[in-house]
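# Coordinate inspection notes
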Number of protein chains: 2
Amino acid sequence: MSNVTIAIDAMGGDHGPPVVVPAGLQVLARYPLLHLILVGDSELLEKELAKFPNRTERLTIQHASECVEMNESPAHALRTKKNSSMRIAINLVKEGKASACVSAGNTGALMATAHFVLKTLPGIDRAAIISSFPTKKGRDVRILDLGANVDSVPNNLFQFAVMGSVMASAIDTIPTPQVYLLNIGHEDNKGNELVKQTDRLLTHSKAVHYAGYIEADKIYDGDADVVVCDGFVGNVTLKTTEGVAILISQLLKDAFYRNGWTKLAALISLPVLKSLIKRMDPDRYNGAIFIGLKGVVVKSHGGAKTSAFACAIEKAIVQAEKNIPQKISAEVERLLKLSAHDS
Amino acid sequence: MSNVTIAIDAMGGDHGPPVVVPAGLQVLARYPLLHLILVGDSELLEKELAKFPNRTERLTIQHASECVEMNESPAHALRTKKNSSMRIAINLVKEGKASACVSAGNTGALMATAHFVLKTLPGIDRAAIISSFPTKKGRDVRILDLGANVDSVPNNLFQFAVMGSVMASAIDTIPTPQVYLLNIGHEDNKGNELVKQTDRLLTHSKAVHYAGYIEADKIYDGDADVVVCDGFVGNVTLKTTEGVAILISQLLKDAFYRNGWTKLAALISLPVLKSLIKRMDPDRYNGAIFIGLKGVVVKSHGGAKTSAFACAIEKAIVQAEKNIPQKISAEVERLLKLSAHDS
């Protein structure tokens, strides 16, 4: 890898420094050219760091006197928490002192602050949240928007399609990513106005390889590289996925722990179930990316433990190394020129 | 049970008579006062019936010369298929010759035809699709709308809340059903305009016991009796649930069938996995109800096999016996009087 500096909001999330510090040290050990800036209460961070023998000069601490609360309103955080660890971490990206920032903090506040400080790329009206998920066929599917925009217009969804496609090409090196629009049926008459109008935009454009509508039960089949939807719908999809996975694992546990015989079956099945969990590994999928901004911002799950938070940092490294914002910008510029040429 | 007659669209679904006929005979054997009218191609139906020894006088055949195709547009079906098995089955409900009808056919056409022929109840602007799902705590949760309305307004969602609550009281005998509104967060500032405005309507009304917002990962926790949402979002929730359940069972199968040892583990775990499948039993949950119409219409999954289709018929029996449309009508009338009194 090349030299990359990542700023980390060390106070965000349910755990803060006790998770962020060991996760940071883990990733630093794996990437010899990486530099991390931990932003937060320096006293707390020093105390946490003292617990580990492998401190390196590639880790620096930047003090922040404030912290955005998990239930704080985004507007309040934006207005009153100018010295928060979140704000300073994003400022470091804006000032070019870091290539990306990672936070496990309040999603709304992170999005509002990132939007305000970094601004969107030229040609992009709204940033979106994108993340990858496992599929039956082994290859991942990327879904956006997962909750940044709850009243999207067709142009937003069109731009999300372009950004998702650029991301799939650049990160997963897929030459022509298959982009689908989430709908409640395949037929032309199905769907709400937003979906129908977006379908027309995508059908008449050569911006992405648009493969048409996809229903939610087919998202995880492995045919789609990118699935586009409004943030309300995407967030419901994401959380339904989590809820069903938890429900099934709970029912599986209940069934296995019913009596002596089923406990024996559980014992014998343990390696199988472990391999299943490994394949679905939620840690590996931790780290949603705010896409469409002039800078890389990665949001970790608030409850992420060390290895999951380390995954989120690694996602930020990849985004920075592959210059995703620049690639999106170049693609949007190319498309704008194309459409100017058409008209 | 009392005397109940159910009309069945015998031509709908992926399988038609080979599933509908044995399912009908199964349910007739279980309910000695039940009468079924199978509507469809009489020749085909007679041929299918001849395969079974237990034909009864409580089963009659009503010929229909047409059939609505699974991919036909609802408008086309409504306009041109006046002699379809679907249309005639719904007509039988309208004419009072049947208390309910069941179809595994084209959902859009069924909804459009039911809306047109039966009309909505007084005070109800739009019908919705409602169904039950298993939860961690064992009690079921009802979700509506699952796809009848894709551009709902707040009043629609308010009416869905009332209908869902009446249904939970009447069918599950829950004295005060906990009604939740599906959203992407708990805080007041979360959600789209539809959700925020519906929240205000529900908060200021005593029509239902409104428990506030619920996120999609909590739907299956077992705290909610009724979850209300727009049909686009509900359909995505339903299909995401199906997709994730299929993904996990696929990955579980892959893991168990990898080699000799894991196959042995599978063998030993078989009773456990079977008990899990029984608890989640998708057949038992087959049959979505069109709620808000002057008559009972139950939609079976298109791909339903015999036992699943039998479950859908049983749902229609319960709806008819409990007089659900009349109960909703009475409740809406009571609420309208209340609000007239208030103003």
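My aim in this report is to walk through the structure given alongside it, one point at a time. (Residues numbered from 1 in each chain as written. Chains lettered and ligands numbered in written order. Predicted model: local features only at pLDDT ≥ 70, side-chain atom pairs only at ≥ 80, totals over all residues.)

### Looking at the interface of chain A and chain B
Stated precisely, the cut-off is as follows: Once C-beta atoms have been placed from the backbone, residue pairs whose C-beta atoms lie within 7 Å are recorded as contacts. A run of H or I in DSSP counts as a helix once it spans at least four residues, and a run of E counts as a strand once it spans at least two, with each numbered from the N terminus. Think of it as three bins: nonpolar holds Ala, Val, Leu, Ile, Met, Phe, Trp, Tyr, Cys and Pro, charged holds Asp, Glu, Lys and Arg, and polar takes everything else, Gly as well.
The interface is formed by 47 residues belonging to chain A together with 47 residues belonging to chain B. When residues of the side of chain A that touches chain B are assigned to their parent elements, the largest contribution, 19 residues, is made by helix α8 (residues 231-256) of chain A. In terms of residue class, the side of chain A that touches chain B is built from 22 nonpolar, 15 polar and 10 charged.

### Focus on the sheet that holds strand β1 (residues 4-9) of chain B
Residue and element names in this part refer to chain B. Basically, it comes down to this: Should DSSP find at least two bridges between two strands, the strands are taken to pair. Orientation is described by lines fitted to C-alpha atoms, with helices fitted over the stretch in contact, and by angles between N-to-C directions that extend from 0 to 180 degrees.
The strand order β3-β2-β1-β4-β11-β10-β5-β6-β9-β7-β8 describes an open sheet built from 11 strands, whose pairing is mixed. Of all the strands in the sheet, just β3 (59-63) and β8 (209-214) have a single pairing partner and so form its edges. Within the sheet, the average angular offset between the axes of one strand and its neighbour, ignoring direction, is 25°. Lying over the sheet, helix α5 (residues 107-118) contacts β4 (100-103), β10 (288-291) and β11 (296-299), oriented at roughly 175° with respect to β11. Where helix α10 (residues 306-321) meets the sheet, it contacts β1, β2 (34-40), β4, β10 and β11, and its direction lies at approximately 160° from that of β11.

### Looking at the environment of Ser269 of chain A
The condition is simple: Burial in this document is a count-based property: other C-beta atoms within 10 Å of a residue's C-beta are tallied, and the residue is buried at 20 or more, exposed at 12 or fewer, or partly exposed in between, with C-beta positions derived from the backbone.
Counting through the fold element by element, Ser269 of chain A comes out in helix α9 (residues 260-280). The buried category is assigned to Ser269 of chain A, around which 25 C-beta atoms lie within 10 Å. Separated by 35 residues in sequence, Ser269 of chain A and Ala304 of chain A place their C-alpha atoms 27 Å apart. In this view, Ser269 of chain A contacts Ala265 and Ser269 of chain B; residues no more than four positions away in its chain are not counted.

### Details of the relation of the copies chain A and chain B
Basically, it comes down to this: The fit set for superposing copies consists of C-alpha atoms from residues with pLDDT of at least 70 in both; the fit itself is least squares.
Each copy superposes on the other: chain A lies on chain B with an RMSD of 0.0 Å after a rotation of 180° and an axial shift of 0.0 Å. On the angle and the small slide along the axis, the relation comes out as a two-fold axis. A symmetric contact is evident, with 100% of the interface residues of chain A recurring at the interface of chain B.

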